[in-house]
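Chain and residue survey
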Amino acid sequence: MSLLQIEELEKSFKIGRNEEKILKSVDLELEEGRITALVGTSGSGKSTLLTIAAGLQQSSGGIIKFSDKDLTNMSSSQMRDVRAKEFGFVFQHAHLVPFLSVKDQLNLMIDTAELKWSKKEKQQRIQDILETVDMWKHRDSDPDQLSGGEKQRVAIARAIIHEPKLLFADEPTASLDSKRSVEVMELIRSLSIERNITVLMVTHDEDMLVYADRTVEMKDGKIEK
Amino acid sequence: MKMAWKEMMKYKTRYLILGSIIFLISFLTLIISGLANGLSFDNASLVKNMPEGTYYMESKAEEQYNFSEISDSQRETIENSHGDAVFMSIQMGELEDEDGQKHGITYVTATDNEFFPDVEKGELILDESIQEDGIEAGDELSTNLMDDSFTVRDFAKQEKFSHSAVAFIHPDDFMNMYQSEKYQLAFTEDEEEDIDEMSAFNQNQFLNTIPSYSAEMLSLNMIIAFLFVISGMLFAIFFYMINVQKLGTYGILKAVGVKTITLLRLMWVQMILITLISLVIAISLSQLITLVLPEEMPYQLALETSAIMAAGFFIIGFIGATLSGVQISKVEPMEAINQGGA
Ligand SMILES: Nc1ncnc2c1ncn2[C@@H]1O[C@H](COP(=O)(O)OP(=O)(O)OP(=O)(O)O)[C@@H](O)[C@H]1O
Ligand SMILES: [Mg+2]
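Thresholds applied
Residues numbered from 1 in each chain as written. Chains lettered and ligands numbered in written order. Predicted model: local features only at pLDDT ≥ 70, side-chain atom pairs only at ≥ 80, totals over all residues. Heavy atoms only, no water. 1 Å grid on protein atoms, 1.4 Å probe; cavity = no way out; pocket = protein on both sides within 12 Å on 5 of 7 lines; lining within 4 Å. Points joined across faces, edges and corners; volume = space filled by probe spheres on them. Helix = DSSP H or I, 4+ residues; strand = E, 2+ residues; numbered from the N terminus. Donors = N, O, S within 2.8 Å, 3.2 Å for Na, K, Ca; no water. Buried < 20%, exposed > 50% of the residue type's maximum accessible area, 1.4 Å probe, protein only. Near = heavy atom within 4 Å. Polar contact = N/O pair within 3.5 Å; in protein donor to acceptor, adjacent residues only side chain to side chain. Areas by Shrake-Rupley, 256 points an atom, 1.4 Å probe, with all protein chains shown as cover. Nonpolar A, V, L, I, M, F, W, Y, C, P; charged D, E, K, R; others polar. Salt bridge = Lys/Arg side-chain N within 4 Å of Asp/Glu carboxyl O. Domains from an automatic or database assignment. Contact = heavy atoms within 4.5 Å. Buried area = accessible area lost by both parts, 1.4 Å probe. pLDDT = per-residue confidence, 0-100. Core = buried A, V, L, I, M, F, W, Y, C linked by side-chain atoms within 4.5 Å.

1. A closer look at empty space enclosed by the protein
Summed over the entire model, instances satisfying the criterion amount to 4 cavities of 30 Å³ or more. Space inside the largest cavity adds up to approximately 120 Å³. Looking at the largest cavity, it is lined by 13 residues, and the ones nearest its centre are A:Phe87, A:Gly88, A:Phe89, B:Ala255 and B:Val256. When residues of the lining of the largest cavity are traced back to their parent elements, those giving at least two are β6 (87–90) and α5 (148–160) of chain A.

What follows is the structure in structure tokens.
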């Protein structure tokens, strides 16, 4: 069964006076519980596709269905609700909340997803996930005290702490060394298997493709068949 | 709430600067209105210290009290319906001290009443500000309108008219100097009433008959109004700017699904905290400043006035914060992140 269905998705940006088509009729289906890797040259529109699918910006046309709900027809507050409860997103650049400590980034996500966990359970889950990404010792640091790779690991923890159905990850391992990259990918895969999380992941790293169930390639605003 | 506080703690300098600006603007507004109020009070404290009530003068005088003469029959009419009526006269004049130095003052005389000090014939009670000219109790002051001179008996607090010190004198002396048996004005604490050939004024209307008062008030009110409007706009702009500057952060919060109302609450809490602290300091300082201002500088700032201004600033700051909140709620998360560059 497919969890996310993208049909004829289009996106144009105004660049100066011109409209430039960045996505040209993209079709893509994500099978529930599977990991899909999205590859393609720089500027081919991978990040744009990911952010539109995750409801972070509007498309110019086309349909996105998430378990039978049409995301393109949703009000911004309905979309917000889906993002908070069902989606996790790892940005190409970590994009942590600059004034919250590592622990509070996760607390915020738990609260935003309106999870009714007890205080103790919250603490336990935060500790578990931070230990998994090896950031527990930095739990009280602010983002400006972390290296790029450390920030990215916190961002990954934030994207999965609330157990989303669908995880979008834009080059999650780009700022990590190869040992950490493997760890993070194993983490994503084991989470995907254990908790039936569907993953759409952009990567430039060929070595990471072994963790994906399927690889699709973008070229010039289209998915190569 | 917790988030608002954490953000302020993280960016202490930024919020300290914002707070200082809010403080300086509101302090300036308060000080200027204190000085303006002081000036207007100084113009006519004689009248402003009287209770609310009605002033009557002859209609023929065309609102110029020194042309008014209340006839005996008019006086009777007024006394019949207002037992408490006080009759009074005011004249600009001057007094010469023993060194030949002249001092501009305003003579005020009245029938027995509870508002002005009692004076005997040949005596003067002067506004205390004249002490700065070196005049002391017991001094002999003369006038070319009368052969005998006056003895200064005492000083009164805040009794000025048209910016000059009031000299309370006995009615007999006044009649003697100005060759008139009649008073110019009647004052009662009762509501105004129609009396033949008399015009009635409430306190404010009467103040406006003082030459210089209305023109001065107009300028002062204009200054305060402009100051308030401009500082209000600055207020709104600063709260707007600080929020727009955080667009990237708001984009991230929106991206993870934080509700718009939560973002608005964050802005409101910060705005209220900063405004509250800045205003409390500004109001306290604007009250304490009387301790260091020189005596001759008239300054008057009622707490009530300060409170009204503070409320105005709050509303404006709230509008500024809300406007930026509404704007932020409209942009897509990705757009906010890209524009904000966070
Ligand atoms: N907000 C925007 N305004 C204008 N143009 C944009 C905007 N966002 C993306 N683009 C353009 O769309 C194209 C695709 O960008 P996108 O970030 O999706 O590429 P990408 O495949 O993720 O590349 P990379 O591998 O380098 O991350 C680029 O040419 C980019 O300049
Ligand atoms: Mg990209």
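2. Observations regarding the coordination of the magnesium ion (ligand 2)
All names here are of chain A. For the magnesium ion (ligand 2), every protein donor is listed as Ser47 (OG) and Gln92 (OE1), and the spread of their distances is 1.9 to 2.4 Å. Here the residue serine 47 occupies a position in helix α1 (residues 46–53), and glutamine 92 occupies one in the loop between β6 and α3 (102–112), the gap between them amounting to 45 residues. Given the relative accessible area of 33%, glutamine 92 is considered partly exposed.

3. Details of the site of ligand 1
Residue and element names in this part refer to chain A. Around ligand 1 sit 13 residues in total, of which Ser42, Gly43, Lys46, Ser47 and Thr48 are the nearest. Lysine 46 has a polar side-chain atom sitting 2.8 Å from an oxygen atom of ligand 1. Serine 47 is positioned such that a nitrogen or oxygen atom in its side chain is 2.7 Å from an oxygen atom of ligand 1. Out of a free accessible area of 630 Å², ligand 1 has 65% covered by protein chains. Looking at the shell around ligand 1 element by element, the count peaks at 3 residues for α1. Here the shell around ligand 1 is composed, by residue class, of 2 nonpolar, 9 polar and 2 charged.

4. Section: the pattern of salt bridges
Side chains that differ in sign of charge can pair as their charged atoms come close. Evaluation of the coordinates by the stated rule reveals 28 salt bridges over all chains. When the shortest N-O distance is used, the salt bridge between A:Asp142 and B:Lys10 registers 2.8 Å. Of this pair, A:Asp142 sits in the loop between α4 (119–132) and α5 while B:Lys10 sits in helix α1 (residues 2–10), placing the two residues on different chains. When the shortest N-O distance is used, the salt bridge between B:Glu128 and B:Lys157 registers 3.9 Å. Note that B:Glu128 is positioned in the loop between β4 (123–127) and β5 (140–141) and B:Lys157 in the loop between β6 (150–156) and β7 (160–161), a separation of 29 residues in sequence. Taking the relative accessible area as the measure of exposure, B:Lys157 reaches 63% and is therefore exposed.

5. As for the domain arrangement of chain B
Residues and elements named next belong to chain B. Each assigned domain of chain B is listed here: domain 1 (2–43 + 213–339) and domain 2 (53–201). Summarising the inter-unit geometry, the C-alpha centres of domain 1 and domain 2 are found 47 Å apart. Listed as interface residues are 8 residues of domain 1 and, on the opposing side, 6 residues of domain 2. Both sides together, the interface formed by domain 1 and domain 2 hides about 530 Å², and carbon and sulfur atoms give 38% of it. Between aspartate 42 and lysine 160 there is a salt bridge, with its nearest N and O atoms 3.1 Å apart. On inspection of domain 1 and its partner domain 2, the count reaches 5 residue pairs in polar contact (both at pLDDT 80 or more).

6. Structural notes on the confidence of the model for chain B
Confidence along chain B averages 91 in pLDDT terms, with 99% of residues attaining 70 or more. Model confidence for the complex is summarised by a pTM of 0.82, with the ipTM given as 0.93.

7. Description of the nonpolar core
Core analysis: the biggest nonpolar cluster contains 119 residues, and A:Leu4, A:Leu49, A:Phe87, A:Leu130 and A:Phe168 have the highest contact counts within it. Ignoring any residue separated from it by four or fewer positions in sequence, one finds A:Leu49 in contact with A:Ile6, A:Leu9, A:Leu23, A:Val26, A:Leu28, A:Leu38, A:Met218 and A:Ile223. Counting 28 residues, the second-largest nonpolar core is a separate cluster that includes B:Val47, B:Val86, B:Phe116 and B:Ala156.

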